[in-house]
Amino acid sequence: MSRGWQAVDDYIADKLLGADDALAATLANNAAHGLPPIDVSAAQGKMLFLLAQIAGSKNILEIGTLGGYSTIWLARALPADGRLITLELEPHHATVARTNLERAGVGGLVDIRVGPASDSLAAMTGETPFDLVFIDADKQNNALYVNEAIRLGRPGTTIIVDNVVREGGVLEVDTDDERIFGTRALFDMLSAEPRLDATAVQTVGAKKWDGFVLARVR
Ligand code: SAH
Ligand code: DHB
Ligand code: MG
């Protein structure tokens, strides 16, 4: 079925997303600079854009920039006086992302902070509360990132966590894959977290079988 999933994603992109030179250039530039093709899909990117708009987001936090593909979608949802902080471990990824964001015309809205996200988050105090947080970095730290998103949010903050299904890998109890272990720790944390309302939605498409957590701070 995965050929069918890709074909349907192509159909959705053709009908609902249209040609997008800045995003196409971003993916090409990422590939040219050796970045792995693990960006969100076009349909998922538009979903992030819509969720950010529905939430009326003026302040967005992203954890895991890569080449800025999802960053561009999110930044496009911001008003002119909005801002987006995105956290990235790899200096090379951040450099490629900066080029892509400038080309897309959203560079002025985006602050890329380089280093382990746990350190960048710990250094954040007294920030304007974030309206939306998109978590898409090292899966081992997902529970920590959600805790930080709550700390840096407010009642009503939207939290999205990418890649929480992993072709069903989330069900592997005795895994030695620390990303799966991290995802299961995330679900354990969410199931015992009174400060959130949360769900997870499975997805298929260009990024195979995966899913995302959608949560709202109470
Ligand atoms: N959100 C991007 C994809 C991110 S891929 C998009 O959809 O376009 C995951 C990114 O997280 C990679 O660039 C990786 O370098 C980064 N990452 C991994 N571990 C990290 C850490 N500890 N802190 C910050 N970023 C990290
Ligand atoms: C991986 C990371 C992602 O954020 C993603 O969307 C797909 C794959 C990975 O680390 O393999
Ligand atoms: Mg992802």
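Residues numbered from 1 in each chain as written. Chains lettered and ligands numbered in written order. Predicted model: local features only at pLDDT ≥ 70, side-chain atom pairs only at ≥ 80, totals over all residues. Heavy atoms only, no water.

A word on empty space enclosed by the protein. In this structure the tally under the stated criterion is one cavity of 30 Å³ or more. Here the largest cavity defines a volume of roughly 70 Å³. As for the largest cavity, its lining consists of Val40, Gln44, Met47, Leu48, Phe134, Ile160, Asp162 and Phe212. With three residues, the single largest contributor to the lining of the largest cavity is helix H3 (residues 42-54). By residue class, the composition of the lining of the largest cavity is six nonpolar, one polar and one charged. (1 Å grid on protein atoms, 1.4 Å probe; cavity = no way out; pocket = protein on both sides within 12 Å on 5 of 7 lines; lining within 4 Å. Points joined across faces, edges and corners; volume = space filled by probe spheres on them. Helix = DSSP H or I, 4+ residues; strand = E, 2+ residues; numbered from the N terminus. Nonpolar A, V, L, I, M, F, W, Y, C, P; charged D, E, K, R; others polar.)

To continue, consider the site of ligand 1. Surveying the vicinity of ligand 1 reveals 22 residues, the closest of which are Gly64, Ser70, Glu88, His93 and Asp136. With respect to ligand 1, the side chain of Ser70 contributes an N or O atom lying 2.8 Å from a nitrogen atom. Interatomic distance of 2.6 Å between a side-chain N/O atom of Glu88 and an oxygen atom of ligand 1. Protein chains bury 90% of the 580 Å² of accessible surface belonging to ligand 1 in isolation. Taken atom by atom, the bulk of ligand 1 overlaps the largest pocket. Of all the secondary-structure elements, those providing two or more residues to the shell around ligand 1 are helix H4 (69-76) and strand E2 (83-88). Within the shell around ligand 1, the residues separate by chemical class into eleven nonpolar, five polar and six charged. (Near = heavy atom within 4 Å. Polar contact = N/O pair within 3.5 Å; in protein donor to acceptor, adjacent residues only side chain to side chain. Areas by Shrake-Rupley, 256 points an atom, 1.4 Å probe, with all protein chains shown as cover. Sits in = over half its atoms within 2 Å of the grid points.)

Interpretation note: all reported values are geometric properties and have no functional meaning in isolation.
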